[in-house]
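# Analysis of the macromolecular model
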Amino acid sequence: MSQSLVYGIDVGTTKIVALVGRVDSERGLVEVLSFGETPSQGLRRGVVVDREAAANSVAAAMDACGMGDEPVVVGIAGSHISSFNTEVTLLNRSRNLAITERFIHKLETEARQTGVGEDEQVIHVVPRGYVLDGSEGVQQPVGLAARKVTMRAHVVTGAISSIQNLLHAVEDCGARVTQVVLEPLASAEACLQAADRDAGVTLVDIGGGTTDVAVFLRGGLVHTAVIPIGGESFTSDVAYGLKIPYETAERLKVRYGTVLSRIVDPVAAVRVDRRHYNAHFLSQILEYRAQEVFDYVSDSLRKNGLDNRFSGDTVLTGGGSLLDGMTELSEDVLGVPARTAAPLGVEGNSNVVQKPQYSTSIGLLGYAAKTDKGKPKSEGATVNSFGSIVAAIKSWFRGE
Ligand SMILES: Nc1ncnc2c1ncn2[C@@H]1O[C@H](COP(=O)(O)OP(=O)(O)OP(=O)(O)O)[C@@H](O)[C@H]1O
Ligand SMILES: [Mg+2]
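From a predicted model like this one, the values you see are computed outputs, not experimental measurements.

### Here we look at the sheet that holds strand β9 (residues 135–138)
Read across the sheet, four strands follow the order β7-β10-β8-β9 without closing on themselves; strand pairing throughout is antiparallel. Only two strands of the sheet have a single neighbouring strand rather than two, namely β7 (82–91) and β9. Shown here is a sheet whose adjacent strand axes are inclined to one another by a mean of 35°, direction ignored. Set on the sheet, helix α2 (residues 101–112) makes contact with β7, β8 (120–132) and β10 (148–159); between it and β7 the angle comes to about 135°. Of the strands in this sheet, β8 and β10 are in contact with helix α3 (residues 160–171), which crosses β10 at around 70°.

### Digging into the domain arrangement of the protein
Segmenting the protein into domains produces domain 1 (83–157) and domain 2 (193–340). Taking only C-alpha atoms, the centre of domain 1 and the centre of domain 2 are 36 Å apart. Each partner contributes residues to the interface: domain 1 has six residues there, and domain 2 has four residues. If you sort the residues of domain 1 by the area they bury against domain 2, Ser83, Arg128 and His154 come out on top, with a joint share of 66%. Along the contact surface separating domain 1 from domain 2 lie zero salt bridges. At the junction of domain 1 and domain 2, the tally comes to three residue pairs in polar contact (both at pLDDT 80 or more). If you list the elements that add at least two residues to the side of domain 1 that touches domain 2, you get β7, β8 and β10. When grouped by side-chain class, the residues that make up the side of domain 1 that touches domain 2 number two nonpolar, three polar and one charged.

### Structural notes on the nonpolar core
Counting 63 residues, the largest nonpolar core has Ile9, Val11, Met67, Val72 and Leu185 as the members making the most contacts within it. When we break this core down by domain, the ones giving at least three residues each are domain 1 (83–157) and domain 2 (193–340). Setting aside anything within four residues of it in sequence, one finds Met67 in contact with Tyr7, Gly8, Ile9, Ala18, Leu19, Val20, Met62 and Val72. With 37 residues, the next largest nonpolar core counts Ala249, Val293, Val297 and Val336 among its residues.

### Observations concerning a positive patch on the surface
A contiguous patch of positive charge, built from Arg93, Arg102, Lys106 and Arg147, is present on the exposed surface. As for its position among the elements, Arg93 is in the loop between β7 and α2. Judged by relative accessible area, which is 70%, Arg93 ranks as exposed.

### Examining unusual backbone geometry
Phi is positive for Asp273, which is not a glycine, with a value near 50°. Here Asp273 is to be found in the loop between β15 (269–272) and β16 (275–278). By relative accessible area, which is 47% here, Asp273 ends up partly exposed. Residues other than glycine seldom take positive phi values, yet Arg274 does so here, at roughly 60°. You can see Arg274 is positioned in the loop between β15 and β16.

### Description of the confidence of the model for the protein
With 91% of its residues at a pLDDT of at least 70, the protein reaches an overall mean of 89. Of the regions scoring below 50 in pLDDT, residues 373–400 engages in 58 contacts with residues more than four places distant in sequence or in other chains.

### Regarding the site of ligand 1
Every one of the 20 residues lining ligand 1 counts as a neighbour, but Thr13, Thr14, Gly209, Glu250 and Lys253 are closest to it. Between ligand 1 and Gly208 there is a distance of 2.9 Å, counted from an oxygen atom to a backbone nitrogen or oxygen. Within the complex, 88% of the 660 Å² of free accessible area of ligand 1 lies under protein. Looking at the shell around ligand 1, the elements with two or more residues in it are α6 (231–242) and α7 (246–256). For the shell around ligand 1, the leading source of residues is α7, giving three residues. Residue composition of the shell around ligand 1, grouped by class: three nonpolar, 12 polar and five charged.

### Quick notes on helix α1 (residues 51–65)
When the terminal C-alpha atoms of α1 are compared, their 21 Å separation across 15 residues agrees well with the 21 Å that a helix rising 1.5 Å per residue should span. Every buried residue of α1 is listed here: Ala53, Ala54, Ala55, Ser57, Val58, Ala61, Met62 and Cys65. The N-cap of α1, judged by a side-chain oxygen 3.2 Å from the amide nitrogen of Glu52 a few residues on, is Asp50. Looking one or two residues beyond α1, the residue adopting positive phi is Gly66, at roughly 75°.

### Focus: the pairing of strand β13 (residues 211–217)
With seven of its seven residues buried, β13 lies for the most part within the structure. Burial along β13 is two-sided: Thr211, Val213, Val215 and Leu217 facing one way and Asp212, Ala214 and Phe216 facing the other are all buried. Alignment of strand β12 (residues 201–206) against β13, held across six bridges, turns out to be antiparallel. By the bridge assignment, Thr202 is partnered in β13 with Val215. Between β12 and β13, which follow one another and run antiparallel, lie four residues. Relative to strand β14 (residues 220–227), β13 runs antiparallel, the two being bridged by seven bridges. Opposite Phe216, over in β14, you have Leu221 as the bridge partner.

About the thresholds
Residues numbered from 1 in each chain as written. Chains lettered and ligands numbered in written order. Predicted model: local features only at pLDDT ≥ 70, side-chain atom pairs only at ≥ 80, totals over all residues. Heavy atoms only, no water. Pairing = 2+ DSSP bridges. Helix = DSSP H or I, 4+ residues; strand = E, 2+ residues; numbered from the N terminus. Axes fitted to C-alpha atoms, helices over the stretch in contact; angles between N-to-C directions. Contact = heavy atoms within 4.5 Å. Domains from an automatic or database assignment. Buried area = accessible area lost by both parts, 1.4 Å probe. Salt bridge = Lys/Arg side-chain N within 4 Å of Asp/Glu carboxyl O. Polar contact = N/O pair within 3.5 Å; in protein donor to acceptor, adjacent residues only side chain to side chain. Nonpolar A, V, L, I, M, F, W, Y, C, P; charged D, E, K, R; others polar. Core = buried A, V, L, I, M, F, W, Y, C linked by side-chain atoms within 4.5 Å. Buried < 20%, exposed > 50% of the residue type's maximum accessible area, 1.4 Å probe, protein only. Patch = residues over 30% accessible without salt bridge, like charges linked within 9 Å, V, L, I, M, F, W, Y side chains within 5 Å. Areas by Shrake-Rupley, 256 points an atom, 1.4 Å probe, with all protein chains shown as cover. Lys, Arg positive; Asp, Glu negative; His and termini not counted. Charge placed at Lys NZ, Arg CZ, Asp CG, Glu CD. pLDDT = per-residue confidence, 0-100. Near = heavy atom within 4 Å. Expected span 1.5 Å × (residues − 1).

Structure below.
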């Protein structure tokens with residue numbers, strides 16, 4: 001049985017989670033051996049804005065988890081992220097025309113260099129399929145024979161500065177970052193099954209600072225997006241609308257909030273800290289924001305040529321998906337069935353982490369396990385232990 005220890009740090013806008021897990025890749029299960037969580041400081045909308053404060057939070061989570069200088073996989077989000085689909089073609093010059101891992105790696109290296117701005121770094125090259133001498137629809141080309149090979153890939157990039165700031169905050173705590181993973185891809189790893197991806201699915205992770213989107217069609221990743229609105233925006237709106245402190249608004253939202261104002265009695269009152277508030281007004285504030293989030297998701301799909309009627313069901317996750325009525329509103333706006341999902345296939349501390357707000361955290365362990373096996377190294381941005389992104393980029397351009 002192949003089992004290995006894996007380490008992840010989910011640097012979220014509201015919470016930092018450090019985890020140690022054991023992955024049983026044959027059975028597709030993650031066992032959480034240790035888990036540490038602290039409130040997050042120094043982040044705004046998914047990006048580090050105060051290195052020292054962020055590092056202190058990461059250090060506290062690592063301490064709580066008992067993590068030292070192990071190699072960790074870290075999640076990344078923020079509005080500096082962009083993505084696009086591309087295709088690259090190379091001639092296979094090997095004598096027997098066999099396609100090797102090395103040849104696929106060359107295609108990925110080539111894809112890394114298409115359309116990337118000077119201040120950006122490629123975070124992922126995710127192959128979507130291959131065309132071998134004109135034959136479409138190949139998913140596993142290694143071992144097949146072809147002269148002309150085209151790789152279709154989804155490329156995710158981020159601002160070098162934002163990636164550096166994240167790496168610095170984590171590495172200030174002594175951790176060694178081996179891979180940076182786009183958060184919605186980690187969440188998808190945790191919440192989706194192969195059948196979901198085959199049928200077509202839009203994963204929407206509503207966190208505290210951002211809403212992250214990943215769309216899969218016919219098994220492959222076709223679109224990713226990071227929307228700079230999350231649960232914190234909902235709470236801020238309630239605080240502003242009701243003229244109450246943020247903490248009171250957060251409690252009101254979690255305890256009594258819904259985004260379906262039509263189901264709330266117009267004269268009903270809810271009580272927090274011995275004060276009464278109109279429940280209908282509360283739901284209208286939340287509904288307005290939720291509508292905006294799903295409108296953004298819909299726009300993002302449409303702008304990328306994805307009609308949501310053909311993009312499959314919507315799977316909501318992240319802490320923000322726990323707000324009452326989110327699946328119903330998602331169905332109203334996007335016009336396809338929606339459900340809320342928590343991480344699948346978790347053993348051990350499962351009652352603690354089997355909640356939507358830990359999807360990214362658990363997914364990072366899944367990514368760590370894949371890298372461990374040496375499989376999709378090229379899929380994630382591999383960074384050296386001192387966060388020297390520039391050195392890493394140079395080596396990619398040299399094709400190393
Ligand atoms: N039961 C609940 N009802 C409504 N909202 C909730 C509930 N539980 C958590 N939330 C909201 O979820 C948000 C936090 O979600 P999550 O833990 O996924 O974010 P994060 O990972 O810290 O942030 P990000 O991924 O955006 O950087 C907060 O805004 C919080 O108010
Ligand atoms: Mg998150």
